[in-house]
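Summary of structural features
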Amino acid sequence: MDTSFREMMAAFPSGVSVVTGHDGGPRPYGMTCSALCSLSADPPSLLVCLRAASPTLAAVTRSGAFAVNLLHGDAQDVAALFGSGAADRFDRVAWRPCAGSGSPALVEAAHTVADCLVERVHPAGDHAIVVGTVRHIERLREGSALLYGFRRYRTWTHAAAPIG
Ligand SMILES: Cc1cc2nc3c(=O)[nH]c(=O)nc-3n(C[C@H](O)[C@H](O)[C@H](O)COP(=O)(O)O)c2cc1C
């Protein structure tokens, strides 16, 4: 069977995050990102892949910091909003700056926010790989995670382990 690269990656479901940052000024930046990968436990680090022309990538590179907002299962509309290119995306969600870097935390859409410092940025084709060290993790909500695969959203509910 001949399968395109996009079809192949669509058949690899993943969690959904919104990567946020700022450029030193008051304007927040952020984009939906499913290309998120754990990299190292010591030091705790992760990587995200952001499109090379993204204003969010430019802001993250300039400020040297970003936040990874892991979306909960009811935040499908926020995933779509931050994947849409809408100029007013931050006017339509609740957010506040992370205490450390000032990167925006999406306090209603995220179940967890990781505040990160940029370690390295590697250009890679039409994207860039951003490696970040995790400086602080804030847990906002328990219960579910948003997944994306086969061009659809799904909710993965974290049920308590069965007794016995
Ligand atoms: C579910 C979903 C996952 C996405 N994952 C990524 C990703 O991993 N990397 C990326 O560069 N764009 C990804 N996008 C597309 C960006 O979110 C989209 O291009 C966005 O408008 C970029 O915002 P910007 O203009 O602020 O860069 C994804 C979109 C959706 C809806």
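This one's a predicted model, so the numbers in the text were calculated from it and none came from an experiment.

1. Here's the deal with the side chain of Ser45
Along the polypeptide, Ser45 turns up in strand 5 (residues 44-51). In this structure, Ser45 is in contact with Ser38, Leu39, Ser40, Gly132, Thr133 and Val134, ignoring residues within four places of it in sequence.

2. Here's the deal with the UniProt feature "domain: Flavin reductase like" (unreviewed entry) in the protein chain
Here the UniProt feature "domain: Flavin reductase like" (unreviewed entry) sits at residues 9-155. In residues 9-155, helix accounts for 12% and strand for 52%; the two terminal C-alpha atoms are 19 Å from one another.

3. Points about the sheet that holds strand 2 (residues 17-22)
The sheet built from 7 strands is open, its strands ordered 3-2-6-9-10-5-4 with antiparallel pairing. The open sheet is flanked by strand 3 (28-33) and strand 4 (36-41), the only strands paired with a single partner. For this sheet the average axis-to-axis angle between neighbouring strands, irrespective of direction, equals 35 degrees. Strand direction decides the pairing type here: strand 6 (residues 65-71) and strand 9 (residues 110-124), joined by 7 bridges, are antiparallel.

4. Brief notes about the pairing of strand 10 (residues 127-139)
Residues in a regular strand point their side chains to alternate faces of the sheet. Sheet analysis places strand 5 next to strand 10, joined by 7 bridges and oriented antiparallel. Each bridged residue has a counterpart across the sheet, and for Leu46 the counterpart in strand 10 is Gly132. Pairing geometry for strand 9 and strand 10, over 12 bridges, is antiparallel. Within the sheet, the bridge partner assigned to Thr112 lies in strand 10 and is Arg139. Turn length for the strand 9-strand 10 hairpin, with the two strands adjacent in sequence and antiparallel, is 2 residues, and the turn residue Gly125 shows positive phi of about 60 degrees.

5. Side note on the nonpolar core
Note that soluble globular proteins tend to have their nonpolar side chains buried in a common cluster. Core analysis: the largest hydrophobic core is formed by 15 residues, its most contacted members being Leu46, Val48, Leu50, Phe66, Val68, Cys116 and Val130. Elements supplying a minimum of two residues to this core: strand 3, strand 5, helix 2 (55-63), strand 6, strand 9 and strand 10. If we ignore the near neighbours within four places in the chain, the residues touching Phe66 are Val19, Thr20, Leu46, Val48, Val60, Ser103, Ala114, Asp115, Cys116, Val118, Val130 and Gly132.

6. Some details on the site of the ligand
Around the ligand sit 19 residues, and of these Thr32, Cys49, Arg51, Ser54 and Arg89 come closest. The contact in question runs from a nitrogen atom of the ligand to an N or O atom on the backbone of Cys49, over 2.9 Å. Compared with its free state, where it exposes 650 Å², the ligand has 82% of that area covered by protein. Applying the majority rule of atoms within 2 Å of the grid points places the ligand in the largest pocket. Put simply, the parts of the chain that give the shell around the ligand at least two residues each are strand 3, strand 5 and helix 2. Element by element, the count of residues in the shell around the ligand is highest for strand 3, at 4 residues.

Conventions and cut-offs
- Residues numbered from 1 in each chain as written.
- Predicted model: local features only at pLDDT ≥ 70, side-chain atom pairs only at ≥ 80, totals over all residues.
- Heavy atoms only, no water.
- Helix = DSSP H or I, 4+ residues; strand = E, 2+ residues; numbered from the N terminus.
- Contact = heavy atoms within 4.5 Å.
- UniProt positions renumbered as here; feature names shortened; annotations may be inferred.
- Pairing = 2+ DSSP bridges.
- Axes fitted to C-alpha atoms, helices over the stretch in contact; angles between N-to-C directions.
- Core = buried A, V, L, I, M, F, W, Y, C linked by side-chain atoms within 4.5 Å.
- Buried < 20%, exposed > 50% of the residue type's maximum accessible area, 1.4 Å probe, protein only.
- Near = heavy atom within 4 Å.
- Polar contact = N/O pair within 3.5 Å; in protein donor to acceptor, adjacent residues only side chain to side chain.
- Areas by Shrake-Rupley, 256 points an atom, 1.4 Å probe, with all protein chains shown as cover.
- 1 Å grid on protein atoms, 1.4 Å probe; cavity = no way out; pocket = protein on both sides within 12 Å on 5 of 7 lines; lining within 4 Å.
- Sits in = over half its atoms within 2 Å of the grid points.

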